Amino acid sequence: MRLAIIGAVLLVAGAAAIATGALPFSDLMALVDRVAPILLFVVAMTVVTELCSEAGVFLWTARRLRYWGRGYSILLWLLLAVFATLSTVFLSLDTTAVLLTPVVVSVTRQAGLPALPFALTTVWLANTASLLLPISNLTNLLAQHSLGGITPGAFAGLMWAPSLAAVVVPLLFIAIVFRRDLRNRYSRIPVGRIRPEQPAGAESRPGADWVLLGCSAVVLALLLPALVSGVPVWIPALAGAVVLGVVFAFRRPQVLKVTLIPWSLLLFASGLFLVMEAVRHLGASVLLSQLAGQGHGFLDLVRLAATGTVGSNVLNNLPAYLLAEPLAGTPVRMAALLIGVNAGPIITPWASLATLLWHDRLMRMNVLITWKGYAIFGLMVAPLTVFAAVAVLAVTGR
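Residues numbered from 1 in each chain as written. Predicted model: local features only at pLDDT ≥ 70, side-chain atom pairs only at ≥ 80, totals over all residues. Heavy atoms only, no water.

### Observations regarding the side chain of serine 163
Now for step 1: Its location among the elements puts serine 163 in helix H8 (residues 152–177).
Now for step 2: Those residues within four positions of serine 163 in sequence are excluded, and the remaining contacts are Ala129, Leu131 and Leu132. (Helix = DSSP H or I, 4+ residues; strand = E, 2+ residues; numbered from the N terminus. Contact = heavy atoms within 4.5 Å.)

### Digging into a nonpolar patch on the surface
Now for step 1: Among the surface-exposed residues, Leu40, Val231, Trp234, Ile235, Leu238, Val242, Val246 and Phe250 lie close enough to one another that they form a single nonpolar patch of about 690 Å² accessible area.
Now for step 2: No other element matches helix H10 (residues 234–251), which puts six residues into the nonpolar patch.
Now for step 3: Mapped onto the elements, tryptophan 234 comes out in helix H10. (Patch = residues over 30% accessible without salt bridge, like charges linked within 9 Å, V, L, I, M, F, W, Y side chains within 5 Å. Areas by Shrake-Rupley, 256 points an atom, 1.4 Å probe, with all protein chains shown as cover. Salt bridge = Lys/Arg side-chain N within 4 Å of Asp/Glu carboxyl O.)

### Side note on the UniProt feature "transmembrane region" (unreviewed entry) in the chain
Now for step 1: The feature "transmembrane region" (unreviewed entry), as annotated in UniProt, sits at residues 35–62, 74–93, 154–178, 210–227, 233–251, 258–279, 335–359 and 371–395 in this numbering.
Now for step 2: Regarding residues 233–251, the helix share stands at 95% and the strand share at 0%, and the terminal C-alpha atoms are separated by 27 Å.
Now for step 3: Secondary structure within residues 258–279 divides into 77% helix and 0% strand; the distance between the first and last C-alpha atoms comes to 33 Å. (UniProt positions renumbered as here; feature names shortened; annotations may be inferred.)

### Details of the pattern of salt bridges
Side-chain pairing between opposite charges can occur once the charged atoms of the two side chains come close.
Now for step 1: One pass over the full model with this rule turns up five salt bridges.
Now for step 2: The closest approach of N and O atoms between aspartate 360 and arginine 361, which form a salt bridge, is 3.0 Å.
Now for step 3: Overlapping salt bridges bring together Asp360, Arg361 and Arg364 as one network.

### A few points about the packing of aromatic side chains
Now for step 1: The tally for this structure, following the rule as stated, stands at eight aromatic pairs.
Now for step 2: Relative to tyrosine 374, the ring of tryptophan 371 has its centre 5.5 Å away and its plane inclined at 85°; by these criteria the two rings are edge-to-face. Remark: tyrosine 374 and tryptophan 371 occur in helix H17 (residues 371–396); sequence separation between them is three residues, near one turn of the helix.
Now for step 3: Take tryptophan 371: its relative accessible area is 28%, and that puts it in the partly exposed class. (Phe/Tyr/Trp six-rings, centres within 6.5 Å; stacked < 30°, edge-to-face > 60°. Buried < 20%, exposed > 50% of the residue type's maximum accessible area, 1.4 Å probe, protein only.)

### A closer look at helix H4 (residues 73–91)
Now for step 1: With 19 residues, H4 ought to run about 27 Å at 1.5 Å a step, and its terminal C-alpha atoms sit 26 Å apart, in line with that.
Now for step 2: Considered for burial, the residues of H4 that qualify are Ser73, Leu76, Trp77, Leu80, Ala81, Phe83, Ala84, Thr85, Ser87, Thr88, Val89 and Leu91.
Now for step 3: Contacts made by the buried residues of H4 are with helix H2 (25–55), helix H3 (57–68), helix H5 (93–110), helix H6 (116–128), H8 and helix H9 (210–227).
Now for step 4: Following H4 by one or two positions, serine 92 has its phi on the positive side, about 95°. (Expected span 1.5 Å × (residues − 1).)

### Some words on unusual backbone geometry
Now for step 1: Of note, the phi angle at arginine 70 is positive, near 55°, even though the residue is not glycine.
Now for step 2: Structurally, arginine 70 can be placed in the loop between H3 and H4.

### Concerning the side chain of threonine 128
Now for step 1: Examined against the element boundaries, threonine 128 turns out to sit in helix H6.
Now for step 2: Here threonine 128 falls in the buried class, since its relative accessible area comes to 0%.
Now for step 3: Of the polar contacts made by the side chain of threonine 128, one reaches the backbone oxygen of alanine 166; its length is 3.0 Å.
Now for step 4: Those residues in contact with threonine 128, other than ones at most four positions away along the chain, are Ala166, Val167, Pro170, Asn342, Ala343, Ile346 and Thr385. (Polar contact = N/O pair within 3.5 Å; in protein donor to acceptor, adjacent residues only side chain to side chain.)

### Here's the deal with the nonpolar core
Nonpolar side chains tend to gather and get buried jointly when the protein is soluble and globular.
Now for step 1: Core analysis: the largest hydrophobic core is formed by 129 residues, its most contacted members being Phe41, Trp124, Phe273, Tyr321, Leu338 and Trp358.
Now for step 2: The dominant element in this core, judged by the number of residues it contributes, is H2, at 14 residues.
Now for step 3: With residues up to four places along the chain from it excluded, the contact list for tryptophan 358 reads Ala97, Thr101, Ala119, Leu120, Val123, Ile369, Trp371 and Tyr374. (Core = buried A, V, L, I, M, F, W, Y, C linked by side-chain atoms within 4.5 Å.)

### Some thoughts on helix H16 (residues 353–364)
Now for step 1: Taking 1.5 Å as the rise per residue, H16 with twelve residues should run 16 Å; its terminal C-alpha atoms sit 17 Å apart, in good agreement.
Now for step 2: Here H16 has its buried residues at Leu353, Ala354, Thr355, Trp358, His359, Arg361 and Leu362.
Now for step 3: As for H16, its buried residues are in contact with helix H1 (2–20), H5, H6, helix H11 (263–281) and H17.

### Things to note about the packing of H8 against H17
Now for step 1: For the pair H8 and H17, the least separation of the axes is 8 Å and the interaxial angle reads 150°. Considered as vectors, H8 and H17 are oriented roughly antiparallel to each other. Considering only the axes of H8 and H17, their crossing is right-handed. Contacts between H8 and H17 involve Leu158, Trp160, Ala161, Pro162, Ala165, Ala166, Val169, Pro170, Phe173 and Val177 from the former and Phe377, Met380, Val381, Leu384, Thr385, Ala388, Ala389, Val392, Leu393 and Thr396 from the latter.
Now for step 2: Of the residues that constitute the contact of H8 with H17, the class distribution is 18 nonpolar, two polar and no charged. (Axes fitted to C-alpha atoms, helices over the stretch in contact; angles between N-to-C directions. Parallel < 35°, antiparallel > 145°, perpendicular 65-115°, else oblique. Left-handed = near helix turned anticlockwise from the far one by under 90°. Nonpolar A, V, L, I, M, F, W, Y, C, P; charged D, E, K, R; others polar.)

### Overview of the packing of helix H13 (residues 298–314) against H17
Now for step 1: Contact geometry for H13 and H17: axes closest at 10 Å, N-to-C directions at 140°. In terms of crossing hand, the pair formed by H13 and H17 is right-handed. Between H13 and H17, the contacting residues are Phe298, Leu301, Val302, Ala305 and Thr309 on the first element and Val386, Phe387, Val390, Ala391, Leu393 and Ala394 on the second.
Now for step 2: Split by residue class, the contact of H13 with H17 holds ten nonpolar, one polar and no charged.

Below, the structure written as structure tokens:
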């Protein structure tokens, strides 16, 4: 509701900018042409991932990982980290924050392990692992358009090394800080049967539907390569949403509700795009250029990435990207900016929507993490992660 209210306020402000001429109508049409396919993709993928979660795909996978952990906490943690990374890369950071967080918490509880290191791993990787593909983050989709429609393969070719660094650094930090917790052993027989699809007690939820589970798994298996094939991503995402919608209409029609569509996020994103476009026309990007610089040397790239990191943690990663986008100019500088706005927003709670969604899921499952503690850890991890990712970009990006 708060997100929807903020979005409505932003839409009103954007409408005022159009009415007063601060945002020319021609630029408005160009903005719509740019962001409409992206928002359609976001809606379609949200429907796909929500229905896959309802079918039990995430829960089934996590339970297999708990079994494959063979009773070793460190092995289970590594398997869940890989799961979170793949979820972020191929299904987006919001999917990891919303759907994987309760699964991870429930699996660790069933194993009798402390949830904190696993929960932090999930939210940090939801942000830092979102560099590799255009579909991993909304900022990446915007950057792909800005770079002239670069193919997913070329995008990954530019971002693979920074993405690897951005995944490894947070994991090393958790491995060191929580080394005692990760040395624990656990029983492969679950100590509880809390279902992660609901924040609290799920006794009323029906048992597994193997038809839905199988169909959802097949749709995901076909969808993932389609999303990186070079076809406009909204096309396979929409096709996957339609197919799953038809299957659920026959097997579990009560799940098909209008709430599957992320209305609040659509409202917020639409309003934010309008306002940021107007602010850019008023010269905000010119002022920001004094901080971000213009060069391509290592320190210049660090400067741009740091600008994105600070802007994300002060405002939010999406407006920080939109304000700094005109300052990128080249693929390497764009990569540095993405490092800042994707891997850097892990200090303040509002730095990324994924972090807020992650915390909301934890609160519903009675996992208490203070924002002060989160910020202290983030102040240590974010600079190290951004610096390491920019360092490898400076070597491989040329």
